[in-house]
Amino acid sequence: MDKLIESLPGIISAAAQSQLGILALLSVSLSLLAYFFFARASEKVRVGIFVLLFLGVLGFGGAMFRVSTGMAMATPAVATPGGALSPEARLLLREAALDRAGLVLFERYGASVDLHTNDKSLLTSKEHRQLATWEAALEELVKQGLLLARGERGEVYEITKKGYESAEGLK
């Protein structure tokens, strides 16, 4: 039991990597809780609890998969050059495609923020409105699969193959 408790964070983080893993972890957790809470209950109560837990897990799984497929269908397969992107996102994508490493750096340090790619800083003013505009452009490109976030701090982004293809269509 001690080894199980020690490895529990690893099990949870591994299960959280996929929807089926989360569903499996939920099923196992509910089963264990039901066993400890209802081990001494009558057979009718245990069957009733099992049915309710089973229906709950099925409902949760169905909702989770419905939401995930809805998101996949809502995301366009190919960005339409010129139409689907804001002007800032188009500029950022073109510059990222020209960058030799294909990187966009969005760095926060102290009270300052810097967004640059292709040896150019795209934030020309310290106004928050401009920062919000460029941050939204960056999010647009990530949501459409044209840029890929690298690292854990949200500071390094890399252009994808789809991003290069879309950038060629913008020229």
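Residues numbered from 1 in each chain as written. Predicted model: local features only at pLDDT ≥ 70, side-chain atom pairs only at ≥ 80, totals over all residues. Heavy atoms only, no water.

Q: Which parts of the structure should I look at to understand the overall build of the chain?
A: Helix and strand counts for the chain stand at six helices and five strands. Going residue by residue from the N terminus, the α and β elements of the chain occur as α-α-α-α-β-β-β-α-β-β-α. Approximately 11700 Å² of the chain is accessible, and the part contributed by carbon and sulfur atoms is 63%. (Helix = DSSP H or I, 4+ residues; strand = E, 2+ residues; numbered from the N terminus. Areas by Shrake-Rupley, 256 points an atom, 1.4 Å probe, with all protein chains shown as cover.)

Q: Before we go on, may I ask you to explain the packing of helix 4 (residues 87-98) against helix 5 (residues 128-143) in this structure?
A: At a minimum axis distance of 8 Å, the contact between helix 4 and helix 5 shows a crossing angle of 65°. In terms of orientation, helix 4 lies roughly perpendicular with respect to helix 5. Between helix 4 and helix 5 lies a crossing of right-handed hand. Within the contact between the two elements, helix 4 uses Glu88, Ala89, Leu91, Leu92 and Leu93 and helix 5 uses Thr133, Trp134, Ala137, Leu138, Glu140 and Leu141. Of the residues assigned to the contact of helix 4 with helix 5, the class counts are eight nonpolar, one polar and two charged. (Axes fitted to C-alpha atoms, helices over the stretch in contact; angles between N-to-C directions. Parallel < 35°, antiparallel > 145°, perpendicular 65-115°, else oblique. Left-handed = near helix turned anticlockwise from the far one by under 90°. Contact = heavy atoms within 4.5 Å. Nonpolar A, V, L, I, M, F, W, Y, C, P; charged D, E, K, R; others polar.)

Q: I'm lost on the pairing of strand 1 (residues 103-109) in this one. Help?
A: Each regular strand displays side chains that alternate between the two surfaces of the sheet. One ladder, built from three bridges, connects strand 1 with strand 5 (residues 156-159); its direction is antiparallel. Across the sheet, Val104 pairs through a bridge with Tyr157, a residue of strand 5. Inspection of the sheet shows strand 1 paired to strand 2 (residues 112-117) by five bridges, in the antiparallel sense. Bridge assignment links Phe106 to a residue of strand 2, and that residue is Leu115. Linking strand 1 to strand 2, which pair antiparallel, is a turn of two residues; within it Gly110 sits at a positive phi near 60°. (Pairing = 2+ DSSP bridges.)

Q: How should the nonpolar core be read in this particular structure?
A: Among soluble globular proteins, nonpolar side chains are generally buried collectively. Counting residues in hydrophobic clusters, the biggest one holds 21 residues, and the most contacted among them are Leu93, Val104, Leu141 and Leu147. Listed by contribution, the elements that provide at least two residues to this core are helix 4, strand 1, helix 5, strand 5 and helix 6 (161-170). The element best represented in this core is helix 5, accounting for five residues. Residue contacts for Leu147: discarding those within four places in its chain leaves Ala96, Val104, Leu138, Leu141, Val142, Tyr157, Glu158, Ile159 and Thr160. (Core = buried A, V, L, I, M, F, W, Y, C linked by side-chain atoms within 4.5 Å. Buried < 20%, exposed > 50% of the residue type's maximum accessible area, 1.4 Å probe, protein only.)

Q: Before we go on, may I ask you to explain a nonpolar patch on the surface in this structure?
A: Taken together, the side chains of Val47, Phe50, Val51, Phe54, Leu55 and Leu58 define a hydrophobic patch exposed on the protein surface, amounting to about 590 Å² of accessible area. Tracing the sequence through the fold places Leu55 in helix 3 (residues 43-74). Classification of Leu55 by relative accessible area gives exposed; the value is 51%. (Patch = residues over 30% accessible without salt bridge, like charges linked within 9 Å, V, L, I, M, F, W, Y side chains within 5 Å. Salt bridge = Lys/Arg side-chain N within 4 Å of Asp/Glu carboxyl O.)

Q: I would appreciate a short explanation of the side chain of Thr117 in the present structure.
A: Looking at the secondary structure, you find Thr117 in strand 2. Residue Thr117 is classed as buried on the basis of its relative accessible area of 1%. With residues near it in sequence (within four places) discarded, Thr117 still touches Leu92, Glu95, Ala96, Asp99, Leu103, Val104 and Leu122.

Q: In this structure, what is going on with the sheet that holds strand 2? I would like to understand it.
A: Neighbouring strands of a sheet are bound in pairs by backbone hydrogen bonds; such pairs are parallel or else antiparallel. With respect to topology, five strands assemble into an open sheet ordered 3-2-1-5-4, the strand pairing being antiparallel. Both edges of this open sheet fall to strand 3 (120-121) and strand 4 (147-150), since each of them pairs with a single strand only.

Q: How do you make sense of unusual backbone geometry when you look at a structure like this?
A: The backbone of Asn118 sits at a positive phi, close to 55°, despite the residue not being glycine. Relative to the helices and strands, Asn118 resides in the loop between strand 2 and strand 3. Backbone geometry at Asp119 places phi at a positive 60°, although glycine is not the residue there. Locating Asp119 in the fold gives a position in the loop between strand 2 and strand 3.

Q: How should the packing of aromatic side chains be read in this particular structure?
A: Both the distance between ring centres and the angle between the ring planes are used here to describe each pair of aromatic rings. All told, the structure shown has three aromatic pairs when counted by the stated rule. Judged by centre distance (5.6 Å) and plane angle (75°), the rings of Tyr35 and Phe36 are edge-to-face. Among the residues examined, Phe36 registers a relative accessible area of 62% and is labelled exposed. With a centroid separation of 6.5 Å and 65° between ring planes, the pair formed by Phe37 and Phe38 is classed as edge-to-face. The class for Phe38 is partly exposed, based on a relative accessible area of 28%. (Phe/Tyr/Trp six-rings, centres within 6.5 Å; stacked < 30°, edge-to-face > 60°.)

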